[in-house]
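Notes for the structure review
One letter stands for each residue in the lines below.
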Amino acid sequence: DAGITQSPRHKVTETGTPVTLRCHQTENHRYMYWYRQDPGHGLRLIHYSYGVKDTDKGEVSDGYSVSRSKTEDFLLTLESATSSQTSVYFCAISERPGGQTETQYFGPGTRLLVL
Amino acid sequence: AQKITQTQPGMFVQEKEAVTLDCTYDTSDPSYGLFWYKQPSSGEMIFLIYQGSYDQQNATEGRYSLNFQKARKSANLVISASQLGDSAMYFCAMREGYSGSNYQLIWGAGTKLIIKP
């Protein structure tokens, strides 16, 4: 199994508060991704990173920011949490493009509830 | 237009039977990759199998095989000899082309598979 951890695994917060989710990998993979999964929407990409300090927006990036200061860590911040950001958040990693090495491997997920 | 279509929202299959989960895709790029993932009720996303657009043979991984029909833009997952533990959501995904740093996956809506004892 790919070494990917996410913290916290569960979080309850209040509307308007900032929240930071952490993804940590031990695989030294270059690419890291943040997704959210909601009923009826499947997986949607929030942000991704293609190297240290190199990030870009995904499909649903509004209200989220990311940072990657080290290869192994990718942080997702909800700047001011809203109830619409209640979701399950997954981190994923991949090694390099081309062939099976581009497969994305997922962390265990973080369940976030915004009240 | 949907780029990844999984037409079966749910399926019931008898244990030990083979299962085919449908996935069709839409791309004009000659280079793409297709993936299948399993998500059991515990929530984790588990990679099952990969097929590259230039791969000559259908991918296989244990009881999983991918029926890749390029002309029909179809990448169906076949599970042989189904087991109770195969009950889960199954997602088809596609990486479309190469665009610099962009390796986003496009996801289908998923198929919920339930194996009956």
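Worth saying up front: this structure is predicted, and the values here are computed from it rather than measured. (Residues numbered from 1 in each chain as written. Chains lettered and ligands numbered in written order. Predicted model: local features only at pLDDT ≥ 70, side-chain atom pairs only at ≥ 80, totals over all residues. Heavy atoms only, no water.)

**Thoughts on the overall build of chain B**
Going by this rule: Under the DSSP-based scheme used, a helix requires at least four consecutive residues in state H or I and a strand at least two consecutive residues in state E, with every element numbered from the N terminus. To get the radius of gyration, use the C-alpha atoms; to get the globule rule, take the number of residues to the power 0.38 and multiply by 2.2 Å. Accessible area is worked out with a 1.4 Å probe on protein chains only. A residue is then buried under 20% of its type maximum, exposed over 50%, and partly exposed in between. Contacts between residues were defined by any pair of non-hydrogen atoms, one from each residue, lying within 4.5 Å. Note that accessible areas follow from Shrake-Rupley with a 1.4 Å probe, and for residues the cover is restricted to the protein chains shown. Only four residue types enter the charge count: Lys and Arg as positive, Asp and Glu as negative, with His and the chain ends excluded. To locate a charge, the coordinates of NZ of Lys, CZ of Arg, CG of Asp or CD of Glu are taken.
Counting its regular elements, chain B contains 0 helices and 12 strands. Walking chain B from its N terminus toward its C terminus, one meets helices and strands in the order β-β-β-β-β-β-β-β-β-β-β-β. In summary, chain B has a C-alpha radius of gyration of 14 Å against a globular reference of 13 Å for 117 residues, a match within 12%. Its C-alpha atoms give chain B principal-axis dimensions of roughly 45 × 30 × 25 Å. When burial is assessed residue by residue, chain B has 49% of its 117 residues classed as buried. By sequence separation, contacts in chain B at least 24 residues apart represent 55% of the contacts at least 6 residues apart. Accessible area of chain B: about 5600 Å², with a carbon and sulfur share of 49%. Of note, chain B has its 10 positive side-chain charges centred 3 Å away from the centre of its 10 negative side-chain charges.

**Points about the packing of aromatic side chains**
Given two aromatic rings, one states the distance between the centres and the angle between the planes to describe the pair. Stated formally: Here is the rule: rings of Phe, Tyr and Trp (six-membered ring for Trp) pair when centre to centre is within 6.5 Å. Planes less than 30 degrees apart are stacked, more than 60 are edge-to-face, and the remainder are tilted. Whether a charge sits over a ring depends on NZ of Lys or CZ of Arg being within 6 Å of the ring centre and within 35 degrees of the ring normal.
Under the defined criterion, the tally for this structure stands at 16 aromatic pairs over all chains. Taking 6.2 Å as the distance between ring centres and 80° as the angle between the ring planes, the aromatic pair formed by Phe90(A) and Phe106(A) counts as edge-to-face. In this pair, Phe90(A) is assigned in strand E9 (residues 87–94) and Phe106(A) in strand E10 (residues 105–106), connecting sequence segments 16 residues apart. Its relative accessible area of 1% is what places Phe90(A) among the buried residues. A relative accessible area of 10% places Phe106(A) in the buried class. Cluster of aromatic residues (ring-pair linked, three or more members): Tyr33(A), Tyr35(A), Tyr48(A), Tyr50(A), Phe90(A), Tyr105(A), Phe106(A), Tyr37(B), Phe47(B), Phe91(B) and Trp107(B). Geometry around Tyr64(B) places Arg63(B) over its ring, the cationic atom sitting 5.8 Å from the centre.

**Details of the interface of chain A and chain B**
Heads up, the rule is: Once two parts are put together, the accessible area they lose, assessed with a 1.4 Å probe and summed over both, is termed the buried area. Should a side-chain nitrogen of Lys or Arg be within 4 Å of a carboxyl oxygen of Asp or Glu, the pair is scored as a salt bridge.
Contact residues are listed per partner, giving 19 residues for chain A and 18 residues for chain B. Summed over both partners, the interface of chain A with chain B comes to about 1800 Å²; 57% of that surface belongs to carbon and sulfur atoms. The three residues of chain A that bury the most area against chain B are Leu43(A), Gln100(A) and Glu102(A), which together make up 26% of that side's buried surface. Along the contact surface separating chain A from chain B lie 1 salt bridge. The salt bridge involving Glu102(A) is made with Arg95(B); its shortest N-O contact spans 3.0 Å. Those elements that place two or more of their residues in the side of chain A that touches chain B are strand E4 (31–38), strand E5 (42–51) and E10 of chain A.

**Observations concerning the state of the cysteines**
Rules: Disulfides are defined as pairs of cysteine sulfur atoms found within 2.5 Å of each other.
Taken as a whole, this structure holds 2 disulfides over all chains when the rule is applied. In this model, Cys23(A) is linked to Cys91(A) through a disulfide, with the two sulfur atoms separated by 1.9 Å. Measuring handedness by torsion sign, the sulfur bridge of Cys23(A) and Cys91(A) sits at about -70° and is left-handed. In this pair, Cys23(A) is assigned in strand E3 (residues 19–25) and Cys91(A) in strand E9, connecting sequence segments 68 residues apart. Judged by relative accessible area, which is 0%, Cys91(A) ranks as buried. The disulfide that involves Cys23(B) links it to Cys92(B), with 2.0 Å between the sulfurs. A torsion of -65° about the S-S bond marks the disulfide between Cys23(B) and Cys92(B) as left-handed. You can see Cys23(B) sitting in the loop between strand E3 (19–21) and strand E4 (24–25) and its partner Cys92(B) sitting in strand E10 (residues 88–96), a full 69 residues away along the chain. Like Cys92(B), Cys23(B) is buried.

**Topic: the sheet that holds strand E1 (residues 4–7) of chain A**
Residues and elements named next belong to chain A. The test is simple: When DSSP locates at least two bridges between a pair of strands, those strands are taken to pair. As a rule, the C-alpha atoms of each element are fitted with a line to give its axis, helices using only the stretch in contact, and angles between N-to-C directions run from 0 to 180 degrees.
Overall, antiparallel pairing links the 4 strands, which are arranged E1-E3-E8-E7 in an open sheet. If you trace the sheet from one side to the other, it starts and ends with E1 and strand E7 (64–70), each paired once. Across this sheet, the average inter-strand angle for adjacent strands is 20°, counted without regard to direction. Both E1 and E3 contribute to a ladder of 4 bridges, which runs antiparallel. For isoleucine 4, the partnering residue across the bridge sits in E3 and is glutamine 25.

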